[in-house]
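# Observations on chain architecture
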Amino acid sequence: MSNFISSRLLLVVLTMVMSASSVSAAGLPEGEGREAVQAMCSGCHDVSRIDNGLGYSRDDWLALMDSMIDLSGNPTQEALMADYLAEHFPPNKQRAPTLIDGDVSIEFKEWVVPTRGQRSRDPVEAPNGMIWWVGQWGDIVGRINPETGDMKEYPLPTGAKPHSVTPDDKGYLWYMGNKNATVGRLDPATGDIKEYDMPDPHARDPHTGVFDEQGILWFTLQHSNRIGRLDPETGDIKIKTMPTERSRPYGIKVDDSGDIWVACNGSNCLVKVDHETMDLTEIKLPHEDTTVRRLDIAEDGMIWYVNSGRGRLGRYNPDNGEIKEWPSPSGPKSHPYAIEVLNGVVWYNESGMRPDPLVRFDPETETFQSWAIPSGDFYAGILRHMRPTKDGDLLIHQSATNRIIRVRIQD
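The sections below set out a description of the structure shown in this document. Keep in mind that this is a model prediction, so the values were computed, not measured.

With that settled, the discussion passes to the overall build of the chain. Along the backbone of the chain there are five helices and 28 strands. Radius of gyration (C-alpha) of the chain: 21 Å, near the 22 Å computed for a compact globule of 411 residues. As displayed, the chain has an accessible area near 17800 Å², and 46% of this comes from carbon and sulfur atoms.

This is the structure we're talking about:
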């Protein structure tokens, strides 16, 4: 068992011993096992997530719990919690997606990462074919050998809470220290880590990073409302504040000219960043309730984005300013999140639904197809970022169940 999980279990046990009689189980129905569920689950997340989820059978609750925390040493506690959850939170269709049939076939290949409860996310393929991920809650960067299935986890400085990882062409892995205001560089050959502190005390939460063709690392800082640029050769970091307050820059991509495009998760905008001057140009999108988690850039230069706030897929033409949007199959509350354009086809997910669907959109026919993303034999988790492989597959994840997934596309 990892030190991370052991520490978490110790904290939970101490919490139960010291305050079991006063534990607040607000939001959870009365019943035997309520206090145990409250104490165990609230150590990592709000218990409201239980009620907002898909609901499960007893066997599936056991499988879901096992992906988060090791209770094998306390089978009585495990059984008590599973009985309670199965009775009060059985399978439901409160947030069921609208799944669309089609002619395209896909195959999900799953890996379950070693350390429970780490919230593995944001997988990416390195130039040598290795797959890397971050365990945000576990302060981990991990590696999968997709040929053998072998995995290795690298511990990061405590409190880094990495949000994403990106390889460079020299073999280093760069992660965003979302909670300790750093960008980190991991040398996988030695395990050595070099941290780069933010030069601005208001730049607190590096979020998502991407390299341009010159090897410069660009990154967003969501709640700090800033864009950053790091030169790996010199360690120099420059920070720029977004034009609109609380626009919350999130996803980030580089276009063919080298300029940077940023999604606004707190406002109805996209932002273009000049790669030489760092000048910011804001593009306002229709409707004030529009928010954009992520975007991608197609080979023809079109900017595709998820309108998370309104449950739509959008396209912005930077040549003429034209904006077009399509309603996502599951409707205005579907909350599209991750997005990637592969061979002219748009892939994204509907994170507001349970289960979380992977959606395919063909711009030529303007048709959709979608699939429920699995977590083994059940469905649980949210996809927050997807990236392509050199073979034309997709790398996705289900963070709640510690799964990294390769999607093989058979058009």
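Quick look at the pattern of salt bridges now. This model, assessed by the stated rule, comprises 24 salt bridges. With a shortest N-O distance of 3.5 Å, Glu 340 and Lys 253 are connected by a salt bridge. With a gap of 87 residues between them, Glu 340 in strand 22 (residues 336–342) and Lys 253 in strand 14 (residues 249–254) connect regions that are remote in the sequence. For Glu 340, a relative accessible area of 6% gives the class buried. Given the relative accessible area of 15%, Lys 253 is considered buried. With a closest N to O distance of 3.1 Å, Arg 312 and Glu 325 form a salt bridge. Residue Arg 312 is located in strand 20 (residues 312–316), and its partner Glu 325 is located in strand 21 (residues 323–327); the two are separated by 13 residues in the primary sequence. Overall, the relative accessible area of 23% leaves Arg 312 in the partly exposed class. Salt bridges linked by common partners bring Glu 125, Asp 391, Asp 393, Arg 406 and Arg 408 together as one network.

Definitions and limits used
- Residues numbered from 1 in each chain as written.
- Predicted model: local features only at pLDDT ≥ 70, side-chain atom pairs only at ≥ 80, totals over all residues.
- Heavy atoms only, no water.
- Helix = DSSP H or I, 4+ residues; strand = E, 2+ residues; numbered from the N terminus.
- Rg over C-alpha atoms; globule rule 2.2 N^0.38 Å.
- Areas by Shrake-Rupley, 256 points an atom, 1.4 Å probe, with all protein chains shown as cover.
- Salt bridge = Lys/Arg side-chain N within 4 Å of Asp/Glu carboxyl O.
- Buried < 20%, exposed > 50% of the residue type's maximum accessible area, 1.4 Å probe, protein only.

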